[in-house]
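# What the coordinates show
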Amino acid sequence: MRLVILLLLLCSPFLWIPRAHAVVVVAADIPPYVIRSHQGAPSGMAIEVLEEAARRLGETLEIELMPLARALSQTRHRPDVLLLPPARNPQRESQFLWIAPLLEEAFVLVSHRNHHPTPLTVADLPGLTVGVLRGSHGQSLLLPLAGVAQEQVGEEVGNASKLARGRIQAWAVAWNTARYNQQRAGLPLPDLVRGQTLQQSTLYLAASPRFSRNEALRWRQAIQGMREDGSLARILHQYDYQAP
């Protein structure tokens, strides 16, 4: 009788089987690193790199898309999530665990050829209005500069449109982000004038400082393996990535 009951339990559709939890990724909506899709899952350079790392580790991902400022805040208070793709800077250094570098970026001043055809420098900024993404590294690079008016947006595509209309005179942004969002706004790439480089920075896979060190090491090793075998570079190339 006991054997019959045991067999029934094993065959029962209600038998509870533990399942592995998906790894939650807080992803800042910053194309071309993280691209929101109107239908289906998000894409982008950083997303594809992480998806390939997850495949190698046998993990599944649950991606939570949100504006950059919120993504940074959420990750600081959630010890069990990954974060894409913050730039590493002194202000953020102690706020996150920096797991693995993903790509190099140049944060630059951008102007429009119809309004400021000569490449802008920091010395030109006083008296101008500079467009920035709220909470971004580009915004933080302007903080030490006196007399620079900032106009914040929630999405970089808004800065592309404002620059074309002359509502802002400069744009402090990562160069690949500027190029992608210019096209996303339906505007010609040659209209962008690349000015002074404010800083060359590294974009990372990061997490809360309370994130598991063992798990962080697994992700770091997977991404390093992708760097060594060339698969990371191949993913970036698909997005017309321009290295600094």
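Attention here is on the structure that accompanies the text. (Residues numbered from 1 in each chain as written. Predicted model: local features only at pLDDT ≥ 70, side-chain atom pairs only at ≥ 80, totals over all residues. Heavy atoms only, no water.)

### A short note on the overall build of the chain
Here is the rule we go by: Comment: elements are numbered from the N terminus, with helices defined as DSSP H or I runs of at least four residues and strands as E runs of at least two. Partly exposed residues are those whose accessible area sits between 20% and 50% of the maximum for their type, while under 20% is buried and over 50% is exposed, using a 1.4 Å probe and protein chains only. The contact definition used throughout considers only heavy atoms, calling two residues in contact when any of these lie within 4.5 Å. Here the accessible surface of atoms and residues is derived via Shrake-Rupley with a 1.4 Å probe, and residues count as covered only by protein chains that are part of the display.
Regarding its fold elements, the chain presents eight helices and eight strands. Dimensions along the principal axes, computed over C-alpha positions, put the chain at roughly 90 × 35 × 35 Å. Among the 244 residues that make up the chain, the fraction classed as buried is 45%. For the chain, restricting intrachain contacts to residue pairs at least 6 apart in sequence, the fraction spanning at least 24 positions comes to 72%. A total accessible area of about 12,400 Å² is found for the chain, and carbon and sulfur atoms account for 54% of it.

### Re the packing of helix H5 (residues 156-165) against helix H6 (residues 175-184)
Definition in use: Note on definitions: angles span 0 to 180 degrees between N-to-C directions of axes, and those axes are lines fitted to C-alpha atoms, for helices only across the stretch in contact. These descriptions rest on fixed angle ranges, namely under 35 degrees for roughly parallel, over 145 for roughly antiparallel, 65 to 115 for roughly perpendicular, and the rest for oblique. Each residue receives one of three labels: charged for Asp, Glu, Lys and Arg, nonpolar for Ala, Val, Leu, Ile, Met, Phe, Trp, Tyr, Cys and Pro, and polar for the others, Gly being one of them.
Two numbers describe how H5 lies on H6: the axes approach to 8 Å, and their chain directions differ by 70 degrees. By the criterion of interaxial angle, the relationship of H5 to H6 is roughly perpendicular. Along the contact surface, H5 presents Glu156, Val157 and Ala160, while H6 presents Thr177, Asn181, Gln182 and Arg184. By residue class, the composition of the contact of H5 with H6 is two nonpolar, three polar and two charged.

### Digging into the sheet that holds strand E4 (residues 97-112)
Here is the rule: Paired strands, in this sense, are two strands between which DSSP finds at least two bridges.
Within the open sheet, the eight strands sit side by side as E2-E1-E3-E8-E4-E7-E5-E6. Their pairing is mixed. The open sheet has two edge strands, strand E2 (61-66) and strand E6 (149-153), and neither has a second partner. With direction set aside, neighbouring strand axes in the sheet form an average angle of 25 degrees. Both strand E1 (residues 23-28) and strand E3 (residues 81-84) contribute to a ladder of four bridges, which runs parallel. Across the sheet, residue Ala27 finds its bridge partner in E3, namely Leu84.

### Structural notes on the packing of helix H2 (residues 45-57) against helix H8 (residues 231-238)
Using the following cut-off: Each helix crossing is assigned a hand: it is left-handed if the near helix lies turned anticlockwise from the far helix by less than a right angle, otherwise right-handed if that turn is clockwise.
Contact geometry of H2 with H8 gives a least axis separation of 9 Å together with a crossing angle of 150 degrees. Compared by their axis directions, H2 and H8 come out roughly antiparallel. Here the hand of the crossing between H2 and H8 comes out right-handed. When H2 is examined against H8, the residues Met45, Glu48, Val49, Glu52 and Arg56 are found in contact with a partner set consisting of Ser231, Leu232, Ile235, Leu236 and Gln238. Among the residues forming the contact of H2 with H8, the class breakdown is five nonpolar, two polar and three charged.

### Here's the deal with unusual backbone geometry
Residue Pro31 is joined to Pro32 through a cis peptide bond whose omega torsion reads 10 degrees. Going from Leu84 to Pro85, the amide bond is cis rather than trans, its omega being -20 degrees. Tracing the chain through its elements places Pro85 in the loop between E3 and E4. Backbone geometry places Asp240, a non-glycine residue, at a positive phi of 55 degrees.

### Things to note about the nonpolar core
A general trend in soluble globular proteins is that nonpolar side chains are found buried together. Here is the rule we go by: Throughout this description, the term nonpolar core refers to a set of buried Ala, Val, Leu, Ile, Met, Phe, Trp, Tyr and Cys residues connected via side-chain atoms within 4.5 Å.
Tyr33, Leu82, Leu84, Ile99, Leu205 and Trp219 are the most contacted members of the largest nonpolar core, which has 50 residues in total. Contributions of two or more residues to this core are made by E1, H2, helix H3 (68-77), E3, E4, strand E8 (192-207), helix H7 (213-229) and H8. Those residues in contact with Leu205 that sit more than four places away from it in its chain are Leu50, Leu82, Leu83, Leu84, Leu97, Trp98, Ile99, Ala100, Leu102, Trp219 and Ile223. If you look at the next biggest cluster of nonpolar residues, it comprises eleven residues, including Val110, Leu163, Val173 and Ala178.

### Focus on H7
Given 3.6 residues to a turn, an α-helix orients residues that are three or four positions apart in the same direction. Heads up, the rule is: An expected span of 1.5 Å times one less than the residue number is assigned to each helix. Relevant arc is that of directions from the helix axis to the C-beta atoms, nothing else. A 3.5 Å cut-off defines polar contacts: any pair of N or O atoms within that distance qualifies, except that in protein one atom must be a possible hydrogen donor and the other a possible acceptor, and neighbouring residues in sequence count only when both atoms are side-chain atoms.
The first and last C-alpha atoms of H7 sit 24 Å apart over 17 residues, in line with the 24 Å expected at 1.5 Å per residue. Where H7 is concerned, the buried positions are Ala216, Trp219, Ala222, Ile223 and Met226. With its buried residues spanning 130 degrees around the axis, H7 presents them on a single face. More than 90 degrees from the buried face of H7, the exposed residues found are Arg213, Asn214, Gln221 and Glu228. The N-cap residue of H7 is Ser212: its side-chain oxygen and the backbone nitrogen of Asn214 are 3.3 Å apart.

### Structural notes on the pairing of strand E5 (residues 129-133)
Selection rule: The definition of a right-handed crossover adopted here requires that, viewed with the strands pointing away, the path from the first strand over the helix to the second runs clockwise.
With five of its five residues buried, E5 lies for the most part within the structure. Of the two faces of E5, both are covered, the one formed by Thr129, Gly131 and Leu133 as well as the one formed by Val130 and Val132. Inspection of the sheet shows E5 paired to E6 by five bridges, in the parallel sense. For Leu133, the partnering residue across the bridge sits in E6 and is Val153. Between the parallel pair E5 and E6, the chain is carried across by helix H4 (residues 137-142), and the sense of this crossover is right-handed.

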